[in-house]
Amino acid sequence: MKSLKLVIALLFTVGALVCLATLPNSVAGSSVQITAALTTDLDKRTDDLHNGFGAKGTPVDECVADPVPGQSFEDNKFIFNEIETVEDGLGPTYNAPGCGDCHDNPDFGGFSQMRELRAGTTTNGVFTAPPGQNSSLIQLRAISAPIQERIDVGPATINTADFRTTLNTIGDGFIEAIDSNVLLANRNAQSAAFQGTFIQVPVVEANRAARGARFGWKNQHSSLLSFSGDAYLNEMGITNIFDDTAGTLATNGRRENDSLNRSVAGFDGVADPEDDGDDVEAFAQFMRQTRAPGRGPISASAARGEALFTQIQCSVCHTPSFNTVAPGTVINNGAFTVPAALGNKNIRLFSDLLLHDVGTGDGIVQNGGAGTRNMMRTPPLWGVRTRPELMHDGLSLTFNSAIQRHAGTGGTIARNAFNALSATSRTDVINFLLSL
Ligand code: HEC
Ligand code: HEC
């Protein structure tokens, strides 16, 4: 507990220093108009995913037109859903051939049942990723049998491993546009039992300058461009200028070794970087151009459940809403200017975007330091009605079982409060979750 507090204090100090430099410019003299973010009905048959940022464009017919990266919504959506091939540089080890392969349910960019494997070695409570790559992601596919990664081959002795389910990216542009100071202030207002951990992580496209984390199960990123560069490399094996190796990964042949530090030389003949950044820009832009996930029908029971959700303090970690910064605010340490479509919006995401130890920790450390080993980011609950496999590992198949897995100080308080409700009230809470 002592060491945990120390980590929090350290992170907090760093946070305070960097955050002051990134305070948004206040809009002098004008009263700020916050409006609800546009939402999508989460239905592929409905053409309502574009939030108005940039041109919508027309759906790409591959035989007629070439999509232009970073341009229209339809072009970026096409590139996000494109399937890469060995000739494009796929692999040699990878998880799936396209962003849209995993981010698909129920609309483009959403969830799926695709799971990833993270693994490493824990010695005396200290986690280390397999040597060589500084990455705990074990790619579950390879373009050739001899280089299939498995945790029972290779030089490392692996004793820590866990699955991660795919997260939704629809509406993530709004999450990116929340000021880090607002996240930190929300954290500081949480009572001690519920207080989350705020970390700052490198923004690759801003010379790795730190910003308040918000994306990924471990809060490993704060920018969608950084996440996209990471995903293109680690999910698909496509080296690119945003893959966070200061350009060295693509040129020094480190990719010639896999996550288990075995040589894969000769299995990938495509010159690095395999993407000059255009595709990565298109992925990030696509996500920034999406609306927020919209609610399903809200029954009387679901409405009662929403009040109960606050009453039993689920809402302390699953913070109902945040406002985004004003349009024109420069975020991501100078790398992105928030457009009108994303600025001054209220979003109903039901997450504090902070790390918590609710007793489900996977033992894996990414950008948050050793103290975050057993912490997970509170997942936003918007769109959760479309996620049949819950929690980071996807092993909870009902909302009730997900709630019963909440432990830790605040998690236990909320779970016990849930269990103390009448059967009807518990059903109301579940119906509320089913309406999100
Ligand atoms: C093999 C399946 C798979 C592929 C392919 C994939 N992702 Fe993901 N994505 C995931 C999983 C799993 C997570 C959660 C990972 C974690 O936090 O450790 C995730 C998380 C994300 C997040 C964080 C969402 C949030 O709100 O926290 C973003 C953004 C993202 N992916 C973008 C992309 C992009 C862009 C691509 C294509 C370059 C891509 N992903 C390819 C499975 C995939
Ligand atoms: C102390 C903070 C905290 C409190 C309080 C809390 N949660 Fe959570 N919740 C989390 C974290 C962290 C996770 C992710 C855990 C994991 O995946 O291992 C989570 C996960 C979930 C999930 C799974 C979402 C998904 O996409 O897989 C649901 C549903 C959920 N919580 C509902 C609730 C409800 C209902 C309550 C009140 C009874 C509650 N939570 C109270 C932090 C909290």
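Before reading further, recall that the structure is shown in the block above.
My aim in this report is to walk through the structure given alongside it, one point at a time. (Residues numbered from 1 in each chain as written. Chains lettered and ligands numbered in written order. Predicted model: local features only at pLDDT ≥ 70, side-chain atom pairs only at ≥ 80, totals over all residues.)

1. What to know about the overall build of the chain
For the chain, the count of helices and strands is 13 helices and 17 strands. Within the chain, buried positions represent 50% of all 436 residues. Across the chain, contacts joining residues at least 24 apart in sequence account for 70% of those joining residues at least 6 apart. (Helix = DSSP H or I, 4+ residues; strand = E, 2+ residues; numbered from the N terminus. Buried ≥ 20, exposed ≤ 12 C-beta atoms within 10 Å, placed from the backbone. Contact = placed C-beta atoms within 7 Å.)

2. Concerning the site of ligand 1
Around ligand 1 lies a shell of 27 residues, among which N95, C99, C102, G216 and A231 are the nearest. Contributions of two or more residues to the shell around ligand 1 are made by α3 (99-102), β8 (160-165), α6 (224-234) and α8 (278-288). Among the elements that make up the shell around ligand 1, the one with the highest residue count is α6 (five residues). Classifying every residue of the shell around ligand 1 gives 14 nonpolar, seven polar and six charged. (Near = placed C-beta within 6 Å. Nonpolar A, V, L, I, M, F, W, Y, C, P; charged D, E, K, R; others polar.)

3. Describing helix α5 (residues 180-189)
Within the span of α5, buried status applies to S180, L183 and R187. End-on view of α5: buried residues confined to an arc of 65°, all on one side of the axis. What points out from α5, more than 90 degrees from its buried face, is the exposed set A185, N188 and A189. (Arc of directions from axis to C-beta.)

4. Observations regarding the sheet that holds strand β15 (residues 345-347)
Reading across the sheet, the three strands line up as β1-β15-β12 and stay open at both edges, with mixed pairing between neighbours. Bordering the open sheet on either side are β1 (35-36) and β12 (322-323), each of which pairs with just one other strand. Of the pairings in the sheet, the one linking β1 to β15 comprises two bridges and is parallel in character. Bridged to T35 within β15 is K345. (Pairing = 2+ DSSP bridges.)

5. Things to note about the environment of D352
Tracing the chain through its elements places D352 in the loop between β15 and β16 (355-356). With 26 C-beta atoms packed within 10 Å, D352 lands in the buried category. Separated by 166 residues in sequence, D352 and N186 place their C-alpha atoms 7.4 Å apart. Once residues lying within four places of it in the same chain are set aside, the contact partners of D352 are N186, R187, G196, C317, T319 and T378.

6. Concerning the site of ligand 2
Taken together, 29 residues are adjacent to ligand 2, and C314, C317, T360, H392 and G410 come closest. Elements with a contribution of two residues or more to the shell around ligand 2: α10 (314-317), α11 (399-404), α12 (408-419) and α13 (423-433). Here the shell around ligand 2 gets five residues from one element, more than from any other, and that element is α12. Split into classes, the residues belonging to the shell around ligand 2 amount to 18 nonpolar, nine polar and two charged.

7. Topic: the packing of α6 against α8
For the pair α6 and α8, the least separation of the axes is 8 Å and the interaxial angle reads 130°. One finds that α6 runs oblique with respect to α8. Considering how the two elements wind past one another, α6 and α8 form a crossing that is right-handed. Residue-level contacts link L224, L225, S228, G229 and Y232 of α6 to D279, V280, F283, A284, M287 and R288 of α8. (Axes fitted to C-alpha atoms, helices over the stretch in contact; angles between N-to-C directions. Parallel < 35°, antiparallel > 145°, perpendicular 65-115°, else oblique. Left-handed = near helix turned anticlockwise from the far one by under 90°.)

Shape is all these values report; function is a separate question.
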